[in-house]
Amino acid sequence: VQLQASGGGPVQPGGSLRLSCSLSERTTWRMVMGWFRQAPGKQREFVAAISLSDRNTDYADSVKGRFIISRDTAKNTAYLQMNSLKPEDAAVYYCVADGTLIRSSWQMAAAYDYWGQGTQVTVSS
(Lines give C-alpha, C1' and ligand atoms only; values in the text may rest on other atoms or scores of the structure.)
Protein backbone atom coordinates (compact mmCIF):
# COMPACT_ATOMS: atom_id res chain seq x y z
CA VAL A 1 0.00 0.00 0.00
CA GLN A 2 1.34 3.40 -0.97
CA LEU A 3 0.17 6.89 -0.21
CA GLN A 4 0.97 9.81 -2.46
CA ALA A 5 0.46 13.23 -0.96
CA SER A 6 0.58 16.58 -2.72
CA GLY A 7 -0.54 20.16 -2.36
CA GLY A 8 1.72 21.69 0.24
CA GLY A 9 3.61 24.93 -0.19
CA PRO A 10 3.90 28.47 1.09
CA VAL A 11 0.87 30.55 1.95
CA GLN A 12 0.21 33.79 3.77
CA PRO A 13 -1.70 33.87 7.07
CA GLY A 14 -5.40 33.76 6.36
CA GLY A 15 -4.86 31.94 3.10
CA SER A 16 -5.92 28.49 1.96
CA LEU A 17 -4.32 25.32 0.68
CA ARG A 18 -5.68 21.93 -0.32
CA LEU A 19 -3.77 18.75 0.31
CA SER A 20 -4.49 15.56 -1.59
CA CYS A 21 -3.59 12.01 -0.72
CA SER A 22 -4.07 9.05 -3.03
CA LEU A 23 -4.20 5.51 -1.72
CA SER A 24 -2.83 2.82 -4.06
CA GLU A 25 -5.23 0.13 -2.82
CA ARG A 26 -7.68 -0.61 -0.08
CA THR A 27 -6.81 -3.45 2.25
CA THR A 28 -10.27 -3.59 3.79
CA TRP A 29 -13.67 -2.10 3.05
CA ARG A 30 -13.42 0.23 6.03
CA MET A 31 -10.23 2.13 5.27
CA VAL A 32 -9.63 5.33 7.18
CA MET A 33 -7.45 8.08 5.75
CA GLY A 34 -6.20 11.21 7.41
CA TRP A 35 -3.41 13.61 8.21
CA PHE A 36 -0.97 14.20 10.99
CA ARG A 37 1.44 17.09 11.15
CA GLN A 38 4.74 17.82 12.79
CA ALA A 39 6.34 21.19 13.31
CA PRO A 40 10.03 21.59 14.17
CA GLY A 41 10.66 20.78 17.81
CA LYS A 42 7.12 19.56 18.37
CA GLN A 43 5.47 16.18 18.59
CA ARG A 44 3.52 14.78 15.70
CA GLU A 45 -0.15 15.62 16.12
CA PHE A 46 -3.42 14.47 14.67
CA VAL A 47 -5.15 16.82 12.23
CA ALA A 48 -8.13 15.08 10.66
CA ALA A 49 -9.39 11.70 9.50
CA ILE A 50 -12.21 10.35 7.35
CA SER A 51 -13.71 6.96 6.71
CA LEU A 52 -13.82 5.73 3.11
CA SER A 53 -16.86 3.56 3.88
CA ASP A 54 -19.12 6.26 5.30
CA ARG A 55 -18.97 9.97 5.85
CA ASN A 56 -17.63 9.92 9.39
CA THR A 57 -14.91 12.47 10.07
CA ASP A 58 -12.83 13.60 13.01
CA TYR A 59 -10.84 16.78 13.58
CA ALA A 60 -8.34 18.09 16.04
CA ASP A 61 -9.82 20.91 18.08
CA SER A 62 -7.16 23.27 16.73
CA VAL A 63 -8.45 22.95 13.16
CA LYS A 64 -12.21 22.55 13.65
CA GLY A 65 -14.12 25.13 11.66
CA ARG A 66 -11.11 25.90 9.45
CA PHE A 67 -10.12 22.59 7.87
CA ILE A 68 -12.38 20.26 5.94
CA ILE A 69 -11.51 16.67 5.11
CA SER A 70 -13.29 14.95 2.26
CA ARG A 71 -12.84 11.93 0.06
CA ASP A 72 -13.43 10.59 -3.41
CA THR A 73 -14.06 6.91 -2.93
CA ALA A 74 -13.82 6.14 -6.64
CA LYS A 75 -10.28 7.51 -6.65
CA ASN A 76 -9.30 6.30 -3.16
CA THR A 77 -8.26 9.87 -2.51
CA ALA A 78 -8.68 12.09 0.52
CA TYR A 79 -8.47 15.86 0.53
CA LEU A 80 -7.72 18.33 3.27
CA GLN A 81 -8.99 21.82 2.56
CA MET A 82 -7.17 24.18 4.89
CA ASN A 83 -8.67 27.63 5.28
CA SER A 84 -7.83 30.62 7.47
CA LEU A 85 -4.33 29.29 7.89
CA LYS A 86 -2.31 30.48 10.84
CA PRO A 87 1.45 30.51 11.40
CA GLU A 88 0.97 27.73 13.94
CA ASP A 89 -0.42 25.51 11.17
CA ALA A 90 3.00 25.46 9.52
CA ALA A 91 4.37 21.92 9.63
CA VAL A 92 5.14 18.86 7.59
CA TYR A 93 1.81 17.18 6.92
CA TYR A 94 1.73 13.39 6.67
CA CYS A 95 -1.01 11.44 4.98
CA VAL A 96 -2.01 8.22 6.76
CA ALA A 97 -4.27 5.26 6.16
CA ASP A 98 -5.31 2.08 7.87
CA GLY A 99 -7.86 -0.63 7.29
CA THR A 100 -8.56 -1.85 10.79
CA LEU A 101 -9.02 1.17 13.02
CA ILE A 102 -11.84 1.61 15.45
CA ARG A 103 -13.15 5.12 15.81
CA SER A 104 -11.52 5.69 19.19
CA SER A 105 -8.08 5.12 17.61
CA TRP A 106 -8.36 7.64 14.81
CA GLN A 107 -6.33 10.27 16.63
CA MET A 108 -3.48 7.90 17.52
CA ALA A 109 -0.46 8.04 15.23
CA ALA A 110 0.73 4.61 16.30
CA ALA A 111 -2.54 3.07 15.12
CA TYR A 112 -1.93 3.79 11.44
CA ASP A 113 -0.06 1.22 9.37
CA TYR A 114 0.46 3.31 6.26
CA TRP A 115 2.19 6.66 6.01
CA GLY A 116 2.91 8.81 3.00
CA GLN A 117 5.81 11.12 2.50
CA GLY A 118 5.39 14.45 4.21
CA THR A 119 4.43 17.61 2.43
CA GLN A 120 5.58 20.95 3.79
CA VAL A 121 3.09 23.67 4.59
CA THR A 122 4.62 27.07 5.33
CA VAL A 123 2.47 29.90 6.67
CA SER A 124 4.18 33.24 6.84
CA SER A 125 3.86 36.77 5.58
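Let me begin by describing the structure that accompanies this report.

### What to know about the sheet that holds strand S7 (residues 67-72)
Part 1 of the reasoning: The strand order S1-S3-S8-S7 describes an open sheet built from four strands, whose pairing is antiparallel. Looking at strand neighbours, the two that pair on one side only are strand S1 (3-6) and S7, the edges of this open sheet. Each strand axis lies, on average, 15 degrees off the axis of its neighbour in the sheet, ignoring direction.
Part 2 of the reasoning: Where S7 lies against strand S8 (residues 77-82), six bridges are found, and the strand directions are antiparallel. Note on S8: the bridge partner recorded for Phe 67 is Met 82.

### Some words on the state of the cysteines
Part 1 of the reasoning: Applying the stated criterion to the full structure yields one disulfide.
Part 2 of the reasoning: Between the sulfur of Cys 21 and that of Cys 95 lies a disulfide, 1.7 Å long from S to S. Across the disulfide from Cys 21 to Cys 95, rotation about the S-S bond amounts to roughly -85 degrees, and the bridge is consequently left-handed. On the criterion of sequence distance, the pair formed by Cys 21 in strand S3 (residues 17-23) and Cys 95 in strand S9 (residues 91-98) is long-range, its members being 74 residues apart. Take Cys 21 and Cys 95: they sit in the same class, and that class is buried.

### Some details on the sheet that holds strand S4 (residues 32-38)
Part 1 of the reasoning: Spatially, six strands are ordered S2-S10-S9-S4-S5-S6 in an open sheet, and the strand pairing comes out mixed. Two strands lie at the open edges of the sheet, namely strand S2 (9-11) and strand S6 (57-59), each paired on one side alone. Within the sheet, the average angular offset between the axes of one strand and its neighbour, ignoring direction, is 20 degrees.
Part 2 of the reasoning: As paired elements, S9 and strand S10 (residues 114-123) share six bridges and run antiparallel to each other. Among the inter-strand pairings, Val 96 is bridged to a residue of S10, identified as Trp 115.

### Here we look at the environment of Ala 91
Part 1 of the reasoning: Along the polypeptide, Ala 91 turns up in strand S9.
Part 2 of the reasoning: C-alpha of Ala 91 to C-alpha of Ala 48: the two residues are 43 residues apart in sequence and 14 Å apart in space.

### Comments concerning the pairing of S3
Part 1 of the reasoning: Most of S3 sits out of view: five of its seven residues are buried.
Part 2 of the reasoning: Strand direction decides the pairing type here: S1 and S3, joined by four bridges, are antiparallel. Looking across to S3, one finds that Ser 6 is bridged to Ser 20.
Part 3 of the reasoning: The pairing of S3 with S8 spans six bridges and is classified as antiparallel. Note that in S8 the partner of Arg 18 across the bridge is Gln 81.

Rules behind the numbers
Residues numbered from 1 in each chain as written. Predicted model: local features only at pLDDT ≥ 70, side-chain atom pairs only at ≥ 80, totals over all residues. Heavy atoms only, no water. Pairing = 2+ DSSP bridges. Helix = DSSP H or I, 4+ residues; strand = E, 2+ residues; numbered from the N terminus. Axes fitted to C-alpha atoms, helices over the stretch in contact; angles between N-to-C directions. Disulfide = S-S within 2.5 Å. Buried < 20%, exposed > 50% of the residue type's maximum accessible area, 1.4 Å probe, protein only.

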